[in-house]
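Notes for the structure review
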Amino acid sequence: MNGAESLVHTLLKSGVNVCFANPGTSEMHYVAALDRVPGMRCVLGLFEGVVTGAADGYARMAGKPAATLLHCGPGLANGLANLHNARRANTPVVNIPGDQATYHRPLDAPLTADTEGWARGVSAWVRTATSSATVGADAAVAVQMARTSPGQIATLILPSDTSWDEGGVVADPLPVPAAPASSPNQIEEAAAVLHRGGTGVVLLLSGAGLSEEGLALAHRIAMHTGCRLMAGGSNARTARGQGRIPVDRVPYVVDVAVKAMAGTKQLILAGAKKPVTFFAYPGKVQTAVPPDADLHVLARPEQDVVDALARLADMLGAPKVAKPDNGPRPEPGRGALTSEAVAATLGALMPEGAVIADESVSFGRGFFPLTKAAASHDWLNVTGGAIGGGPPMATGAAIGAPGRRVINMQADGSAMYTVQALWTQAREKLDVTTVLLSNRKYQILLGELANVGANPGRTALDMMDLGNPDIDWPKLAQSMGVEGARTDTAEGFADLLAYSLKRSGPFLIELLI
Ligand SMILES: Cc1ncc(C[n+]2csc(CCOP(=O)(O)OP(=O)(O)O)c2C)c(N)n1
């Protein structure tokens, strides 16, 4: 057995059975091993940002990591932005770039690069394999590190001789440490704050706090104490729709966020970090949390937030409550394609168990309220602000959640970063509906120009204009094997969405907004 075969066997033994890949020469033995060892689903991405973003989406839904296969430092570098998004989502990823053979590296051949250095910025754990005899053991550690709470990126760099040399040894899976529990002190402090009650107590949820179970516990606490529930600004996965507690997210726009958090006197963090603004702006605050608010940490992101919420609810004596009634499903929108009309149509038509991969950027800021009474679904945000996360995340989510329809609410500018994901969706026959929000602009940046107080001229405005030439999205999709159509009315959207949900495989709907 060579090193690559021991690697693949070890990954499979440790429960990793999907590999998102974009290979090169140095990974040929890894590719050959994937061929020879049955059991691994290999998914080709035509750009490394698709590979890494798909690994992110997959793990968010499957609850376990996928492996990647990337080509040397430059291939890894192409995938870094979506590894950054994955890191911000606390997604487990077993990230495997191949590299020059150990004895070839000193010759400084063209693809030689600081692979470890590039990996380090996004990874909780980096190791370069040194021999075929130990690469199996390295792989077992990589899976263990990826699965360590709250979910991390573990990068195992694979010099080609550690793949092709004989003497590979399959390693047994290593135990995954349980998420640490919150200390009694953390629970007591939160309970004391909630006991005092009064207005201005906010319980801010993220991570598993936004799972169905976490939300139900938070709801119990809120019903008993009168505290307000909020969610972090961008979250890996939020359980929403019928039977789930609707929570507002901390808004993106600074002034809107300040309004939303005004009056907060006690902020209790449950799996969330203290919210800060995406950027500094001249003369504006850096956090929407009022300066006189006290901060309490019920559970840090790596702690077991569901356990902490359960212990807190018990300590408070909060009685069990019925599931909330989020009201009737919305009616599909009519007329012009406003943000509200699109949200209402989505809320009306999305099927039970849908997964929403949200990279709607500026147009989607109002999507939450009108989808709270939709069928139960999961909502995935791009978490690190690096655009181009949406189409790959949708692709990976469809593989991680088979049988569930993924709806990718996707802004056009961001989609152009990783548009090749459509090809993977077609090749893998994935049930993904891409709702392409075509405003032919970098709309958000027009707002940001105003926010920083700039006075834009022609050159600045041209840098935010995606027209001239207009992108023909249905044709682009069709060229990659994805059927697509375009509409400029809410009724047209409803028809196309319903059509896409009835058929299997991917579909793209361009909305001229
Ligand atoms: C990797 C990366 N590159 C560039 C940016 C800067 N940026 C933020 S939003 C944006 C444009 C988004 O346009 P689009 O996706 O069409 O959404 P819209 O603003 O029209 O809603 C850009 C270029 C970024 N956030 N991440």
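Our subject is the structure that appears above.
Anyway, here's the lowdown on the structure attached to this text. Everything quoted here is computed from the prediction, not taken from an experiment.

What counts, and where the lines are drawn
Residues numbered from 1 in each chain as written. Predicted model: local features only at pLDDT ≥ 70, side-chain atom pairs only at ≥ 80, totals over all residues. Heavy atoms only, no water. 1 Å grid on protein atoms, 1.4 Å probe; cavity = no way out; pocket = protein on both sides within 12 Å on 5 of 7 lines; lining within 4 Å. Points joined across faces, edges and corners; volume = space filled by probe spheres on them. Nonpolar A, V, L, I, M, F, W, Y, C, P; charged D, E, K, R; others polar. Near = heavy atom within 4 Å. Polar contact = N/O pair within 3.5 Å; in protein donor to acceptor, adjacent residues only side chain to side chain. Areas by Shrake-Rupley, 256 points an atom, 1.4 Å probe, with all protein chains shown as cover. Helix = DSSP H or I, 4+ residues; strand = E, 2+ residues; numbered from the N terminus. Phe/Tyr/Trp six-rings, centres within 6.5 Å; stacked < 30°, edge-to-face > 60°. Buried < 20%, exposed > 50% of the residue type's maximum accessible area, 1.4 Å probe, protein only. Lys NZ or Arg CZ within 6 Å of the ring centre and 35° of its normal.

**Re the layout of surface pockets**
Volume-wise, the second largest pocket comes out at about 190 Å³. Lining the second largest pocket we find 15 residues, and of these Ala216, Leu217, Val321, Ala322 and Lys323 sit closest to its centre. The residue inventory of the lining of the second largest pocket, partitioned by class, reads seven nonpolar, two polar and six charged.

**Considerations on the site of the ligand**
Taken together, the neighbourhood of the ligand is formed by 16 residues, with Ser362, Gly413, Ser414, Asn439 and Ile444 sitting nearest. Residue isoleucine 387 places a main-chain N or O atom 3.2 Å away from a nitrogen atom belonging to the ligand. Serine 414 places a side-chain nitrogen or oxygen 2.6 Å from an oxygen atom of the ligand. Coverage of the ligand by the protein amounts to 79% of the 590 Å² it exposes when considered alone. The set of elements that each furnish at least two residues to the shell around the ligand consists of helix 14 (412-415) and helix 16 (443-451). Counted by class, the shell around the ligand contains eight nonpolar, six polar and two charged residues.

**With respect to the packing of aromatic side chains**
The relation between two aromatic rings is expressed through the spacing of the ring centres and the mutual angle of the planes. With the rule as written, the count across this model stands at seven aromatic pairs. Ring geometry for phenylalanine 279 and tyrosine 281: centres 6.5 Å apart, planes at 85°, overall edge-to-face. By relative accessible area, phenylalanine 279 is classed as partly exposed at 45%. Residue placement shows arginine 240 over the ring face of phenylalanine 368; its charged tip is 3.6 Å from the ring centre. Taking NZ or CZ as reference, arginine 249 lies 4.2 Å from the ring centre of phenylalanine 368, over its face.

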